[in-house]
Amino acid sequence: MPDDLVAAAWLHDIGYAPGLVQTGFHPLDGARFLRRAGVDGPVVSLVAYHSCARVEADVRGLGAELAAEFTPAGPLLTDALLYCDMTIGPDGDYVRPADRLAEIRGRDSPARSYRHRAQ
């Protein structure tokens, strides 16, 4: 696997770290942190746009901000990271994509994030 994909697979959820939260949208917060840390190129792009982040950013009203700051990575790497994210659960074990999506919906709803940002 390409080194950029491996690095992004390890780092894609770094934006959940409490000290890095700025917007409450972990792909954007994580990519901003990595850029400040000197990481560049495809790794940052993959983190910023992982797992359909462009769609979720639009729902959260952050689509223009994401697009202004980061360029999407190539489709092959993006699809490979999506596959990794949808088949590995938070504990590192294999999970069926349907179960992974249910887990994500249960913890990361846009409505919950909007409430969090408003506080």
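Residues numbered from 1 in each chain as written. Predicted model: local features only at pLDDT ≥ 70, side-chain atom pairs only at ≥ 80, totals over all residues. Heavy atoms only, no water.

Between two packed helices, the angle of one axis relative to the other and the distance separating the axes together describe the packing. The N-to-C vectors of helix H2 (residues 26-36) and helix H3 (residues 42-49) enclose an angle of 160°; their axes lie 7 Å apart at closest approach. Considering the angle they form, H2 stands roughly antiparallel to H3. At the point where H2 passes H3, the crossing takes the right-handed sense. Across from Pro27, Gly30, Ala31, Leu34 and Arg35 in H2, the residues of H3 making contact are Val44, Val47 and Ala48. (Axes fitted to C-alpha atoms, helices over the stretch in contact; angles between N-to-C directions. Helix = DSSP H or I, 4+ residues; strand = E, 2+ residues; numbered from the N terminus. Parallel < 35°, antiparallel > 145°, perpendicular 65-115°, else oblique. Left-handed = near helix turned anticlockwise from the far one by under 90°. Contact = heavy atoms within 4.5 Å.)

Below, the discussion takes up H2. H2 sits mainly inside the fold: eight of its eleven residues count as buried. Buried within H2 are the following residues: His26, Pro27, Leu28, Asp29, Gly30, Ala31, Arg32 and Leu34. At its buried positions, H2 is contacted by helix H1 (3-11), H3, helix H4 (53-59) and helix H5 (63-69). Positive phi appears at Gly38, one or two residues downstream of H2, with a value of about 95°. (Buried < 20%, exposed > 50% of the residue type's maximum accessible area, 1.4 Å probe, protein only.)

We note that Ser51 has phi near 50°; this positive angle belongs to a residue other than glycine. By secondary structure assignment, the location of Ser51 is in the loop between H3 and H4. At Cys52, a position not held by glycine, the phi torsion is positive, near 65°.

Attention now goes to the layout of surface pockets. Looking at the second largest pocket, its volume works out to about 370 Å³. Lining the second largest pocket are 17 residues; nearest its centre among them are Ala9, Trp10, His12, Cys84 and Ile88. The set of elements that each furnish at least two residues to the lining of the second largest pocket consists of H1, helix H6 (75-87) and helix H7 (97-107). Residue contributions to the lining of the second largest pocket peak at four residues, all from H1. Tallied by class, the residues present in the lining of the second largest pocket amount to nine nonpolar, three polar and five charged. (1 Å grid on protein atoms, 1.4 Å probe; cavity = no way out; pocket = protein on both sides within 12 Å on 5 of 7 lines; lining within 4 Å. Points joined across faces, edges and corners; volume = space filled by probe spheres on them. Nonpolar A, V, L, I, M, F, W, Y, C, P; charged D, E, K, R; others polar.)

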